[in-house]
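Here is how the chains run, residue by residue.
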Amino acid sequence: MKAIFFPLALAILASAAQAQDVRGGKAVYDRYCAACHGPAAQGNGPMKMVLTIDPTDLTGLQRANGGHFPLARVVERIDGRDPIVAHGSEMPIYGDFFEPRSVALRTERGETLRVSPPMADLVAYLESLQR
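Rules and cut-offs
Residues numbered from 1 in each chain as written. Predicted model: local features only at pLDDT ≥ 70, side-chain atom pairs only at ≥ 80, totals over all residues. Heavy atoms only, no water. Phe/Tyr/Trp six-rings, centres within 6.5 Å; stacked < 30°, edge-to-face > 60°. Helix = DSSP H or I, 4+ residues; strand = E, 2+ residues; numbered from the N terminus. Buried < 20%, exposed > 50% of the residue type's maximum accessible area, 1.4 Å probe, protein only. Salt bridge = Lys/Arg side-chain N within 4 Å of Asp/Glu carboxyl O. Axes fitted to C-alpha atoms, helices over the stretch in contact; angles between N-to-C directions. Parallel < 35°, antiparallel > 145°, perpendicular 65-115°, else oblique. Contact = heavy atoms within 4.5 Å. Nonpolar A, V, L, I, M, F, W, Y, C, P; charged D, E, K, R; others polar.

(A) Up close: the packing of aromatic side chains. As enumerated under the stated definition, the model contains one aromatic pair in all. Between Tyr 29 and Tyr 125 the ring centres are 5.6 Å apart and the planes differ by 45°, which places this aromatic pair in the tilted class. Of the two residues, Tyr 29 sits in helix α2 (residues 22–32) while Tyr 125 sits in helix α6 (residues 117–128), which places them 96 residues apart along the sequence. Grouping residues by exposure puts Tyr 29 and Tyr 125 together as buried.

(B) Region of interest: the pattern of salt bridges. Under the defined criterion, the tally for this structure stands at six salt bridges. With a closest N to O distance of 3.2 Å, Arg 109 and Glu 111 form a salt bridge. What makes Arg 109 exposed here is its relative accessible area of 54%. The structure contains a network of salt bridges with shared partners spanning Asp 79, Glu 99 and Arg 101.

(C) View of the packing of α2 against α6. At a closest axis distance of 7 Å, the pairing of α2 and α6 adopts a crossing angle of 95°. Considering the angle they form, α2 stands roughly perpendicular to α6. Along the contact surface, α2 presents Val 22, Gly 24, Gly 25, Lys 26, Val 28 and Tyr 29, while α6 presents Pro 118, Asp 121, Leu 122, Ala 124, Tyr 125, Leu 126 and Ser 128. Tallied by class, residues from the contact of α2 with α6 come to eight nonpolar, three polar and two charged.

Right, dumping it as C-alpha cells:
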C-alpha cells in the first residue's frame, strides 16, 4: 500500500504545483484570451468590436461574486461545460487544449474540479488579477 500511496501523493503535489503557475497562466492568457478580453483582462481587447456580446472584465470576477473567486464557473465557461451563446461552443475553440484533465483544483464550494494543466495555470493567473 505504501508503494502505491507515495507516487500518488507525488502526482497530487505536482498537480497542485502546476495549478499555481501564474506566469504560465499569463502566457496562456496572452495567447488565447487577450484578443477579446484585452491585455489587462478588462474586457477591451481589439476583437471587442466584432463580438455580439462585450467580453467580461475578468478583473472583477471576485468582486461580482461576493468576494470569492468563482473558480468552477470560470473553468466551466472557458472549457465549454457551461457554454456562452456568444462563443458558439466551448471558448476558446482550441481542440485538445483542455485535455487531459489531469490537475485537480478545489472549488470555492470545496468540490474537486479536474482541469488540464494549461487551464489550471490560466485560472491561477485570472485569480491573481482580482482587484
